[in-house]
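Working through the structure, step by step
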Amino acid sequence: MEEQKTSFDSLNDVPDDVWQKLSEKIIYFGHKSVGYNILDGVKDIIKDNPKIKLNIVESTDAAAMTPGTLAHSRVGKNTEPKTKVDAFVKYIDSGIGKKADVAALKFCYVDVGANTEPEKLFMMYESEIDKIRKTYPELTIIHFTLPLTTLQTGPKAWVKKIIGRPVYGFLENINRYKYNELMRAKYQDKAPILDIATIESTYPDGTRSTFEVDGKTYYSMVPQYTNDGGHLNEVGRKKVAEQLILLLANM
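Report follows, based on the coordinates. Small disclaimer: the values here were computed from a predicted structure and weren't measured.

Counting across every chain of the model gives 10 salt bridges. In this structure, Asp44 and Arg237 form a salt bridge, with 2.8 Å as the shortest nitrogen-oxygen distance. Remark: Arg237 occurs in helix H8 (residues 234-250) and Asp44 occurs in helix H2 (residues 33-48); sequence separation between them is 193 residues. Look at Asp44 and you get partly exposed, because its relative accessible area is 22%. Relative accessible area serves as the criterion here: at 17%, Arg237 is assigned to the buried category. The closest approach of N and O atoms between Lys84 and Asp111, which form a salt bridge, is 2.7 Å. You can see Lys84 sitting in helix H3 (residues 81-99) and its partner Asp111 sitting in the loop between strand S4 (102-105) and helix H4 (118-135), a full 27 residues away along the chain.

The subject of this paragraph is the sheet that holds strand S5 (residues 140-144). Judged by pairing direction, the sheet is parallel, and its six strands sit side by side in the order S2-S3-S1-S4-S5-S6 without closing on themselves. Bordering the open sheet on either side are strand S2 (55-58) and strand S6 (193-194), each of which pairs with just one other strand. Taken together, the four bridges between strand S1 (residues 26-31) and S4 define a ladder with parallel strand orientation. Residue pairing for S4: Tyr28 is matched across the bridge by Ala103. On top of the sheet, H3 reaches S1, strand S3 (69-74) and S4; it is set at about 175° to S4, its chief contact. Contacts from H4 reach S4 and S5, with the element oriented near 165° to S5.

Rules used throughout
Residues numbered from 1 in each chain as written. Predicted model: local features only at pLDDT ≥ 70, side-chain atom pairs only at ≥ 80, totals over all residues. Heavy atoms only, no water. Salt bridge = Lys/Arg side-chain N within 4 Å of Asp/Glu carboxyl O. Helix = DSSP H or I, 4+ residues; strand = E, 2+ residues; numbered from the N terminus. Buried < 20%, exposed > 50% of the residue type's maximum accessible area, 1.4 Å probe, protein only. Pairing = 2+ DSSP bridges. Contact = heavy atoms within 4.5 Å. Axes fitted to C-alpha atoms, helices over the stretch in contact; angles between N-to-C directions.

Rendered as structure tokens:
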């Protein structure tokens with residue numbers, strides 16, 4: 001018979017034995033600035049929930065990673081996603097792939113702009129991740145959808161609409177949407193996905209932050225979750241962090 005799995009929708013639903021199992025895992029997370037926001041959110045949650053025992057350390061030294069470690073590091077350069085993939089692969093091959101139980105690579109919103117080709121970017125990511133999965137079959141990869149940004153507002157945005165120029169955030173979030181749809185189509189129900197785009201675009205009441213172009217609906221970041229239009233503030237980071245911890249618990 002297929003094993004029945006319990007899904008936890010709230011941190012309060014997670015029993016002590018699951019937190020104990022999580023404290024025995026080694027996790028590696030490659031990221032840039034928004035990743036620090038998420039990890040700050042994880043620290044916020046751990047502070048409020050002492051049963052969650054994860055030691056957050058910035059390191060790529062596999063030898064120093066012990067059970068209960070959430071290790072992380074910067075990878076590559078912003079706006080150059082291939083450098084991030086290359087760095088992630090290098091760190092996995094340096095020993096993390098054989099030591100860690102879970103690993104994840106997150107792109108930043110600046111890695112996809114108005115002129116990015118989402119299909120080309122996803123094919124590059126998919127190819128390298130598939131190589132990692134074949135080389136390290138015991139390593140679980142968590143996939144992240146691309147973060148979003150808010151839409152430009154104010155007088156400049158109004159003028160752009162009048163003269164028919166794209167408002168900042170429209171083309172960028174459309175390309176992020178296209179990439180995220182490819183991510184979901186490939187990995188949904190097959191591998192763990194932290195759908196950061198859905199989290200960032202969902203208001204506390206469950207409605208979504210949307211915009212339309214040519215009759216099609218796309219998504220943008222909820223303004224209340226950021227102070228600068230892209231990075232997560234205290235409210236936003238905690239929402240994303242909670243879902244990351246629940247994803248780890250549900251694994």
